[in-house]
Amino acid sequence: MKIAVLVSGGGTNLQAIIDKIADGTITNTEIALVIANNQGAFALERAAKAGIPAECISPKNFASRDEFNVALTNRLVESGVDLIVLAGFLVNIPPMMVEKFPNKIINIHPSLIPSFCGKGFYGLHVHEGVLARGVKVTGATVHFVDDGTDTGPIILQKAVNVEQGDDPKTLQLRVMEQAEWNILPQAIDMIANGKVSVVDGHVIIE
Ligand code: GAR
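A few points on the structure. (Residues numbered from 1 in each chain as written. Predicted model: local features only at pLDDT ≥ 70, side-chain atom pairs only at ≥ 80, totals over all residues. Heavy atoms only, no water.)

1. Topic: the pattern of salt bridges
Overall, the coordinates contain three salt bridges when judged by the stated rule. One salt bridge connects glutamate 55 with arginine 75, and the closest N-O pair in it is separated by 2.7 Å. Here the residue glutamate 55 occupies a position in strand E3 (residues 54–56), and arginine 75 occupies one in helix H3 (residues 65–79), the gap between them amounting to 20 residues. Arginine 75 serves as the salt-bridge partner of glutamate 78, at 3.1 Å between the closest nitrogen and oxygen. Taken together, the positions of glutamate 78 and arginine 75, both in helix H3 and three residues apart, correspond to about one turn of that helix. Owing to a relative accessible area of 59%, glutamate 78 belongs among the exposed residues under this scheme. On the basis of relative accessibility, which here comes to 22%, the residue arginine 75 falls in the partly exposed class. It is possible to trace a salt-bridge network through shared partners that takes in Glu55, Arg75 and Glu78. (Salt bridge = Lys/Arg side-chain N within 4 Å of Asp/Glu carboxyl O. Helix = DSSP H or I, 4+ residues; strand = E, 2+ residues; numbered from the N terminus. Buried < 20%, exposed > 50% of the residue type's maximum accessible area, 1.4 Å probe, protein only.)

2. Some thoughts on the nonpolar core
Residues Val5, Ile106 and Ile155 are the most contacted members of the largest nonpolar core, which totals 41 residues. The element best represented in this core is helix H6 (residues 168–192), accounting for nine residues. Setting aside its immediate chain neighbours within four residues, valine 5 contacts Leu14, Ile17, Ile31, Leu33, Val34, Ile35, Val85 and Ala87. Residues Ala4, Leu6, Leu72 and Ile105 belong to the second largest nonpolar core, which totals 20 residues. (Core = buried A, V, L, I, M, F, W, Y, C linked by side-chain atoms within 4.5 Å. Contact = heavy atoms within 4.5 Å.)

3. Looking at the pairing of strand E1 (residues 2–7)
Note on strand geometry: in a regular strand, side chains alternate between the two faces of the sheet. Taking burial as the measure, the six residues of E1 include five buried ones, the bulk of the element. The pairing of E1 with strand E2 (residues 30–36) spans six bridges and is classified as parallel. From the neighbouring strand, lysine 2 faces E2, where its bridge partner is glutamate 30. The β-α-β motif built from E1, the intervening helix H1 (residues 12–22) and the parallel element E2 has right-handed crossover chirality. Pairing analysis gives four bridges linking E1 to strand E4 (residues 83–86), with the strands arranged parallel. (Pairing = 2+ DSSP bridges. Right-handed = clockwise from strand over helix to strand, strands pointing away.)

4. A short note on the environment of valine 160
Mapped onto the fold, valine 160 is located in strand E7 (residues 154–161). Taking relative accessible area as the criterion, valine 160 reaches 1% and is therefore assigned buried. Taking the C-alpha atoms as reference points, valine 160 and alanine 47, separated by 113 residues in sequence, lie 28 Å from one another. Not counting chain neighbours up to four residues away, the residues in contact with valine 160 comprise Lys136, Val137, Thr138, Gly139, Arg174, Val175, Gln178 and Ala179.

5. Things to note about the pairing of strand E5 (residues 105–109)
Most of E5 is tucked away, with five of its five residues classed as buried. Residues Ile105, Asn107 and His109 line one face of E5 and the alternating positions Ile106 and Ile108 line the opposite face, and both faces are buried. Examined bridge by bridge, E4 and E5 share three bridges and lie parallel to one another. The partner of isoleucine 84 across the bridge, within E5, is isoleucine 105. Assessed by its sense of winding, the connection that carries the chain from E4 through helix H4 (residues 95–100) to E5 is right-handed. Of the strand pairs in this sheet, E5 and strand E6 (residues 137–144) are connected by four bridges, and their pairing is antiparallel.

6. Some details on H1
Within the sequence span of H1, burial applies to Asn13, Leu14, Ala16, Ile17 and Ile18. Here the buried face of H1 lies against E1, E2, helix H2 (42–49), E4, E5 and H6. Looking one or two places after H1, you find glycine 24, whose phi comes out positive at around 85°.

Structure below.
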């Protein structure tokens, strides 16, 4: 299976995928392409270091959002990838792209959906919301992308404890280490090996 990984920032989830392909935890999978929406994304350096083709497609280089959406979608179609992995890609996915890749786009979200998700909940804001509410358990979710924000069929979830004295950054790191860096690679491996299907809007795992 050929995958594209879309990134915006540090790229630790991309790194987890690279490492787990290298050590054989993820099988039948090749990262064909990494796309960032900003040139400064450290994830681009991680891709280059691993010898993976990487490029930036930024909304700033297009006259309108529509033109950006078309360029991004066309690039992914022409790349011939079987799966698109959003690994900290902080861009709204246009309906046009979802239509071209039905149940072929997955996203990692740093909470237990449906808590702390949707508009405004991304990156550190998710963990700020968790701490503000005082919940004792949070986690991460891998889901297919549909037309909504964080509303698609859920593939895997992993719970992580909130500890006394956490700040958004310590909590973010624990959620990454204990959940994200494991369940995103695991979901990719399961999809690459034909174990995941969507029936009536719900994920069935063989
Ligand atoms: C990750 O925590 C990811 O779950 C989150 O952004 C971070 C990216 O880190 N994604 C979202 O909030 C999507 N709504 P990374 O660039 O180090 O992988």
